[in-house]
Amino acid sequence: MVWDPKDPWGKKSDPLEEAFKQAQSQFKDIFPPGGLKNLLPSGGIMNLVIAAALIFLVWQSVFIVAPDEEGVVKRFGVPVRAVEPGPHFKIPLVETVLQPKVAKLYRVEVGFRTNQQGRQQAVPQEALMLTGDMNILAIEFIVQYKIKEARDFLFNVADIHETIGKAAEASMREVVGKSKIDEALTTGKAVIQQDTMTLLQTILDQYQSGVQIAAVQLQDVDPPEAVAAAFKDVTNAKEDREKLINQAQGYRNDIIPRAKGEAAELVNRARGFAQARVNRAQGETNRFLATLKEYNQAKDVISKRIYIETLEEILPNMEKIIIDGKGGERILPYLPLDRLSKPASVAGAKSVPQQEGEELRPEPSPTTLKSRGSRP
C-alpha cells in the first residue's frame, strides 16, 4: 500500500464526488472506450435525447392525487399501497396509479331508468314486488353510495354498479315481502327505506366491496296498472274516512269546551246566588237580633214604633174612613158579609207591597179599620 501524505491544512474531499468518480469508473468498465459514442449521437443531439429521457422519467415518477380522490398504486398489476391526496412518487414504467373519486356520491336506479333526455322509463322486471299480504306493487327507488375503501372497490368486485343494483333489488324484495300493502303505500315508507339500506349494507360488506350506502329513496310506489283504478277508489275511501274522522274530532273539540264553559258559568252563578242569599239572611238575622236587643231594653217604645211604621206602610195604600170616637157611638156598624164570602176577590182589599223575604198579605177592610178607630 502506497503511503499518501495529506496536508492537514488542505481541503477535505467530498464524499459525493468520490462516489460519482467510483460510479464513472464502473461505467467505463462496462462500456469500452468509444463504444457508447458509437451508439449515441454526438454533440447537441445527444444532450437533447438525454434531457428528453430525464423529463420523461421525472414525469412518470410524479403524480398528484386530487382532494376528492384516493390513489391506489399498482406494481405489475398488483395493488401495493394507497396514498392520500397530494403529490407522490412512483417507480416509472413499473408502477401505475388509479385515482377513484371517494367523495363523489354515486347513484343506482332500480325499477326504472333515466335516459339522456331526462325521461324515466319503467323496468317492470325490477319494479314489480310481492308484499306480505299477497299484493303486488310497482316500486321504483334509487340507491346512493360512496367509496369507502378504494382498493376493495377497484379489485374485489368486477362490476360494482350492477352488483349494487342487484343487491338493492334483492334487499327491497325481502323488506317489502315482510310488510303490508297499506304500510308500503302510506306510513311505512321510511321504515322500508331504512331496513333496505341496512340489509343492503350488510350484503355489500360480505362482498368486501368497499362501498358505503348513503341513502335508499323510494321514488314511486304504485299498484300495477291493471288494478290501479280499484286501488285509487280504496285510497279515496280511506281519505274520506279520515276526513270525516277529523271533522268529527274538530266538532268534538269545539262543543265540549263550550259546554264545559257554560257549565262552569252556571255553577259560578249558582254559587254567587247562594252566597248572596246566605249573606242577606245573615244580615237580616243580625238586624233582627239588634232590634230584639233594643226591644228588650225598651219594649213599649219599640212596640209603638213598630206599630206606627206598620201603619205608615199600610194606610197610604187603602181606602179608609176615620170616625171620631164620640161620633161613632151614633153610627150603626156595618159588616159586608156578601163581600167577605168571596175570599178570592175581596172588595176593597189591596195587596201591600212585598218586601224581600215576606209574603203578600191583604189590606184590612174599612170596617176593620173602623173598629180599630175606637182604639185610643
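Scoring rules and cut-offs
- Residues numbered from 1 in each chain as written.
- Predicted model: local features only at pLDDT ≥ 70, side-chain atom pairs only at ≥ 80, totals over all residues.
- Heavy atoms only, no water.
- Helix = DSSP H or I, 4+ residues; strand = E, 2+ residues; numbered from the N terminus.
- Areas by Shrake-Rupley, 256 points an atom, 1.4 Å probe, with all protein chains shown as cover.
- Buried < 20%, exposed > 50% of the residue type's maximum accessible area, 1.4 Å probe, protein only.
- Pairing = 2+ DSSP bridges.
- Phe/Tyr/Trp six-rings, centres within 6.5 Å; stacked < 30°, edge-to-face > 60°.
- Axes fitted to C-alpha atoms, helices over the stretch in contact; angles between N-to-C directions.
- Salt bridge = Lys/Arg side-chain N within 4 Å of Asp/Glu carboxyl O.
- Parallel < 35°, antiparallel > 145°, perpendicular 65-115°, else oblique.
- Left-handed = near helix turned anticlockwise from the far one by under 90°.
- Contact = heavy atoms within 4.5 Å.
- Core = buried A, V, L, I, M, F, W, Y, C linked by side-chain atoms within 4.5 Å.
- Patch = residues over 30% accessible without salt bridge, like charges linked within 9 Å, V, L, I, M, F, W, Y side chains within 5 Å.
- Nonpolar A, V, L, I, M, F, W, Y, C, P; charged D, E, K, R; others polar.

Got a sec to walk through the overall build of the chain? Specific residues and values, please.
Assigned secondary structure in the chain consists of 12 helices and 11 strands. Counting only carbon and sulfur atoms, one obtains 58% of the accessible surface of the chain, whose full area is about 28,100 Å².

Explain the pairing of strand β5 (residues 95-98) residue by residue, including any values.
Of the two faces of β5, the one lined by Glu-95 and Val-97 is fully buried and the one lined by Thr-96 and Leu-98 carries no buried residue. The sheet contact formed by strand β2 (residues 71-75) and β5 spans four bridges and is antiparallel. In the strand pairing of β5, Val-72 is matched with Leu-98.

Help me get a handle on the packing of aromatic side chains, residues and values and all.
One pass over the structure, following the stated rule, counts two aromatic pairs. For the pair Tyr-106 and Tyr-145, a centre-to-centre distance of 5.3 Å together with 20° between the ring planes defines the contact as stacked. With Tyr-106 in strand β6 (residues 106-110) and Tyr-145 in strand β10 (residues 136-147), this pair connects stretches of sequence that are 39 residues apart. Grouping residues by exposure puts Tyr-106 and Tyr-145 together as buried.

How would you sum up the environment of Leu-199? Please name residues and give values.
In this fold, Leu-199 is placed in helix α8 (residues 189-207). Measuring from C-alpha to C-alpha, the distance between Leu-199 and Glu-174 comes to 9.1 Å, with 25 residues separating the pair along the chain.

Any details on the sheet that holds β2? Residues and values, ideally.
One open sheet accounts for three strands, arranged β3-β2-β5; its pairing is antiparallel. With one partner strand each, in any of the chains shown, β3 (78-83) and β5 form the two edges of the open sheet. Within this sheet the neighbouring strands show an average axis-to-axis angle of 30°, counted without direction. Sheet analysis places β2 next to β3, joined by five bridges and oriented antiparallel. Across the sheet, the residue bridging to Gly-71 is Val-83, located in β3.

Now, about the pattern of salt bridges: what can you tell me, with residues and values included?
Per the stated rule, a full pass over the model turns up 13 salt bridges. With its nearest N and O atoms 2.8 Å apart, the salt bridge here joins Arg-113 to Glu-126. Of this pair, Arg-113 sits in strand β7 (residues 112-114) while Glu-126 sits in helix α4 (residues 124-127), and the two are 13 residues apart along the sequence. Since its relative accessible area comes to 36%, Arg-113 is described here as partly exposed.

Tell me about the pairing of β6, and please be specific about residues and values.
Burial within β6 is extensive, with four of its five residues counted as buried. Pairing analysis gives five bridges linking β6 to β10, with the strands arranged antiparallel. The partner of Arg-107 across the bridge, within β10, is Gln-144.

Describe in detail the packing of helix α6 (residues 160-177) against α8, supporting the description with residues and values.
Packing of α6 against α8 leaves a shortest axis separation of 9 Å and a crossing angle of 135°. If you check the angle between α6 and α8, you find them oblique. Along this stretch, α6 crosses α8, giving a crossing that reads as right-handed. Packed against α6, whose contacting residues are Thr-163, Ile-164, Ala-167, Ala-168, Ser-171, Met-172, Glu-174, Val-175 and Val-176, the element α8 presents Ile-192, Asp-195, Thr-196, Leu-199, Leu-200, Ile-203, Leu-204 and Tyr-207 at the interface.

Tell me about the nonpolar core, and please be specific about residues and values.
In terms of nonpolar packing, the biggest core is built from 34 residues, with Phe-141, Val-143 and Ile-213 touching the most fellow members. Those elements that provide at least two residues to this core are β6, β10, α5 (150-155), α6, α7 (181-185), α8 and β11 (211-222). In terms of residues, this core owes the most to one element, α6, which gives seven residues. Aside from chain neighbours lying at most four places away, what touches Val-143 is Tyr-106, Arg-107, Val-108, Ile-164, Ala-168, Leu-200, Ile-213, Ala-215 and Val-216.

I'd like a rundown of a nonpolar patch on the surface, residues and numbers included.
Taken together, the side chains of Ile-50, Leu-54, Phe-56, Leu-57, Trp-59 and Leu-93 make up a nonpolar region of the molecular surface, amounting to roughly 650 Å² of accessible area. Within the element layout of this structure, Ile-50 appears in helix α3 (residues 44-61). Exposure remark for Ile-50: the relative accessible area of 40% places this residue in the partly exposed category.

For unusual backbone geometry, give the residues involved together with the corresponding values.
Its identity as a non-glycine residue notwithstanding, Leu-93 has a phi of 65°, on the positive side. Counting through the fold element by element, Leu-93 comes out in the loop between β4 (86-89) and β5. By relative accessible area, which is 64% here, Leu-93 ends up exposed. Within the chain, Met-134 stands out as a residue other than glycine whose phi angle is a positive 60°. With respect to the helices and strands, the residue Met-134 is situated in the loop between β9 (128-130) and β10. The exposure class of Met-134 is exposed, given its relative accessible area of 62%.

I'd like a rundown of the packing of helix α9 (residues 228-297) against helix α10 (residues 299-314), residues and numbers included.
One can describe the packing of α9 onto α10 by two numbers: an axis separation of 5 Å at closest approach and a directional angle of 125°. With respect to their mutual orientation, α9 and α10 come out oblique. Here Glu-294, Tyr-295, Asn-296 and Gln-297 of α9 come into contact with α10, specifically with Lys-299, Ile-302 and Ser-303. Partitioned by chemical class, the residues of the contact of α9 with α10 number two nonpolar, three polar and two charged.

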